[in-house]
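A structural walkthrough
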Amino acid sequence: MEGADLHFFLAFLKEQLRMQNNEYKQATARCLQMLLRVEEYRQAYATVDGITTILNALSANNNFQIQYQLIFCLWCMTFNPDLAEKMNKYNVIPVLALILTDSQKEKVFRIILATFRNLLEKPEDSQVIQENAVAMVHGKVLKNLSLLQARKFDDQDILDDMQYLDEKLQASVQDLSSFDEYVSELKSGRLEWSPVHKSERFWRENAVNFNEKNYELLKILTRLLEVSKDPLILSVAVHDIGEYVRCYPRGKSVIEQIGGKQLAMTLLTHEDANVRYQALLAVQKMMVQNWEYLGKQLEQDTGVSASGTAGTKKSVIPAKG
């Protein structure tokens, strides 16, 4: 199959997966499984936004069989080195890591482990491999591996994949800097109060790194302020923008140029108290010249330090994670 016929068939399968309450979803996934066993069809399916379609289908409330079939499709696609390098741009690793945490079915976590192994073996770019490893560490794959290793399995493939992943991820942890950890968390879009966000040393040493690649990380933060509905993500993102402004001399003008200041100001009226509080701190850092004086004044007036540490009054900062 090729040309217009192939494009029509792939588009048909994609639409079938996108349909809600489709009683033929399992049959559709089976067709896709058979198709993606063939190398030349993998790239073709990716070009019609097939990876996104599979991930969206995985986010639905599927039974474990459909879940397995869809992940099998991703696994097939990771045998293509080019696709393996691009895979986590679609946030494949965080999605699969979450399923790995929740699933109780051996066939499901077996295919997830095999997919993760491919994402560390197949890419030809060593930086992509490191980024994938960091994303797995951030997704608590190491923790899940330790839980799985306590169980008994007869399947040698599972045992081999667990050992391989454990060795590779443990090695990546040794080389993992706090900035690598931060970048991985930010690109996953799942911000939480991990230690780096509140680390004075982290911001003083790494604020300038946020200017790299045409302010890529800052643009991701401002985008989260614009589109996220999660109060925790909004709180952490606006806090980080404020810390960048505080620690980088030209931070205020940079944030204004990319629209971050206006987005932070809109959060001053957010329904969530934690979001309002972090937005207030961030906006004040943008407005004042001497942030150290501001911090002392905040401690005196509210009993809460500018970094969000509670004093005599109860802190409104959410718990980590």
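Quick caveat: nothing in here was measured; it's all calculated off a predicted structure. (Residues numbered from 1 in each chain as written. Predicted model: local features only at pLDDT ≥ 70, side-chain atom pairs only at ≥ 80, totals over all residues. Heavy atoms only, no water.)

1. Brief notes about the overall build of the protein
What counts here: Every helix listed is a DSSP run of H or I at least four residues long, and every strand listed is a run of E at least two residues long, numbered separately from the N terminus. Two residues form a contact once any of their heavy atoms are found within 4.5 Å. All accessible-area figures derive from a Shrake-Rupley calculation using a 1.4 Å probe, and residue coverage is judged against the displayed protein chains alone.
In terms of helices and strands, the protein carries 19 helices and zero strands. In the protein, of all internal contacts separated by at least 6 residues, the share reaching a separation of at least 24 is 67%. Accessible surface, the protein: about 16,300 Å² in total, of which carbon and sulfur atoms supply 49%.

2. Some words on the nonpolar core
Our working rule: For this analysis, a nonpolar core means a set of buried residues of the types Ala, Val, Leu, Ile, Met, Phe, Trp, Tyr and Cys, connected via side-chain atoms within 4.5 Å. A 1.4 Å probe rolled over the protein chains alone gives each residue an accessible area, and that area as a share of the maximum for its type sets the label: buried under 20%, exposed over 50%, partly exposed in between.
Of all hydrophobic cores here, the largest spans 57 residues; its most connected members are Ile-54 and Phe-116. By residue number, the principal contributor to this core is helix 5 (residues 64-77), which donates nine residues. Judged by nonpolar contacts, the second largest core, of 36 residues, contains Leu-225, Val-236, Val-245 and Ala-279.

3. Examining the environment of Ser-126
With respect to the secondary-structure elements, Ser-126 resides in helix 9 (residues 126-138). Under the relative-accessibility criterion, Ser-126 is labelled exposed at 58%. Put simply, Ser-126 and Glu-85 are 41 residues apart on the chain and 9.8 Å apart in space, counted from C-alpha to C-alpha.

4. A few points about the environment of Lys-107
The condition is simple: N or O atoms within 3.5 Å of each other form a polar contact, as long as, within protein, one can give a hydrogen and the other can take it, and as long as residues adjacent in sequence are counted only when both atoms are side-chain atoms.
Among the structural elements, Lys-107 can be located in helix 8 (residues 106-121). Accessibility expressed as a relative area gives 25% for Lys-107, which makes it partly exposed. Apart from the residues within four sequence positions on either side, Lys-107 is in contact with Phe-64, Gln-65 and Tyr-68. A polar atom in the side chain of Lys-107 sits 2.9 Å from the side chain of Gln-65.

5. What about a nonpolar patch on the surface?
Filter applied, for reference: Here, patches come from residues exposed beyond 30% relative accessible area and free of salt bridges, joined within 9 Å for like charges and within 5 Å for nonpolar side chains (Val, Leu, Ile, Met, Phe, Trp, Tyr). One side-chain nitrogen of Lys or Arg within 4 Å of one carboxyl oxygen of Asp or Glu is enough to make a salt bridge.
A cluster of nonpolar residues, Met-265, Leu-268, Leu-280 and Met-287, forms a patch on the protein surface that exposes about 310 Å² of accessible area. Tracing the backbone shows Leu-280 in helix 18 (residues 273-287).

6. What to know about the packing of aromatic side chains
Short version of the rule: The rule is short: rings of Phe, Tyr and Trp, with Trp giving its six-membered ring, pair when the centres are within 6.5 Å, and they are stacked under 30 degrees, edge-to-face over 60, tilted in between. In this scheme, the term charge over a ring applies when either NZ of a lysine or CZ of an arginine sits within 6 Å of the ring centre and within 35 degrees of the ring normal.
Here the structure, examined in full by the defined rule, presents 13 aromatic pairs. The ring centre of Phe-64 lies 4.6 Å from the NZ or CZ of Lys-105, which sits over that ring. The ring of Trp-193 has Lys-198 lying over it, and the distance from NZ or CZ to the ring centre is 4.2 Å.

7. Some details on the side chain of Thr-78
Among the secondary structure elements, Thr-78 is positioned in the loop between helix 5 and helix 6 (81-86). Within the structure, Thr-78 has its side chain in polar contact with the side chain of Asn-118 (distance 2.9 Å). In this structure Thr-78 touches Ala-84, Met-87, Thr-115, Asn-118, Leu-119 and Lys-122, once residues within four positions along its chain are discounted.

8. Quick look at helix 4 (residues 50-58)
Counting buried positions along helix 4 yields seven of nine residues, so the element is predominantly enclosed. Along helix 4, the residues classified as buried are Gly-50, Ile-51, Thr-53, Ile-54, Leu-55, Ala-57 and Leu-58.

9. Things to note about the confidence of the model for the protein
Here is the rule: As a per-residue measure, pLDDT reflects the predictor's confidence and takes values from 0 up to 100.
Confidence along the protein averages 86 in pLDDT terms, with 88% of residues attaining 70 or more. Looking across the protein, the model is least confident in helix 19 (residues 291-302), with a mean pLDDT of 56, and most confident in helix 15 (residues 231-247), with 96.

10. Comments concerning helix 14 (residues 212-227)
Heads up, the rule is: Multiplying 1.5 Å by the helix residue count minus one yields the expected span of that helix. Consider a residue and the seven residues that end there alongside the seven that start there; fitting an axis to each set, the bend is the angle between those axes.
Taking 1.5 Å as the rise per residue, helix 14 with 16 residues should run 22 Å; its terminal C-alpha atoms sit 23 Å apart, in good agreement. Of all the bends in helix 14, the greatest measures close to 35° and is centred on Lys-219. Along helix 14, the positions that sit buried rather than exposed are Tyr-215, Leu-217, Leu-218, Leu-221, Thr-222, Leu-224 and Leu-225. Residues of helix 14 that are buried make contact with helix 12 (178-188), helix 15, helix 16 (251-257) and helix 17 (260-266).

11. A closer look at the packing of helix 2 (residues 25-35) against helix 5
We apply this condition: Where helices are involved, their axes are fitted lines through C-alpha atoms of the stretch in contact, as for all axes, and angles between N-to-C directions lie from 0 to 180°. The scheme is simple: roughly parallel for angles under 35 degrees, roughly antiparallel for over 145, roughly perpendicular for 65 to 115, oblique for anything else. The sense of a crossing depends on the near helix, which, turned anticlockwise from the far helix by less than a right angle, makes the crossing left-handed and, turned clockwise, makes it right-handed. Nonpolar residues are Ala, Val, Leu, Ile, Met, Phe, Trp, Tyr, Cys and Pro. Charged residues are Asp, Glu, Lys and Arg, and all others, Gly as well, are polar.
Contact pair helix 2 / helix 5: the axes reach a minimum separation of 9 Å and the direction vectors enclose 25°. Judged on the interaxial angle alone, helix 5 and helix 2 are roughly parallel. Of the two possible hands of crossing, helix 2 and helix 5 adopt the one that is left-handed. The residues of helix 5 that touch helix 2, namely those facing Lys-25, Gln-26, Ala-29, Arg-30, Leu-32 and Gln-33, are Gln-65, Ile-66, Tyr-68, Gln-69, Leu-70, Phe-72 and Cys-73. Residues of the contact of helix 2 with helix 5, tallied by class, amount to seven nonpolar, four polar and two charged.

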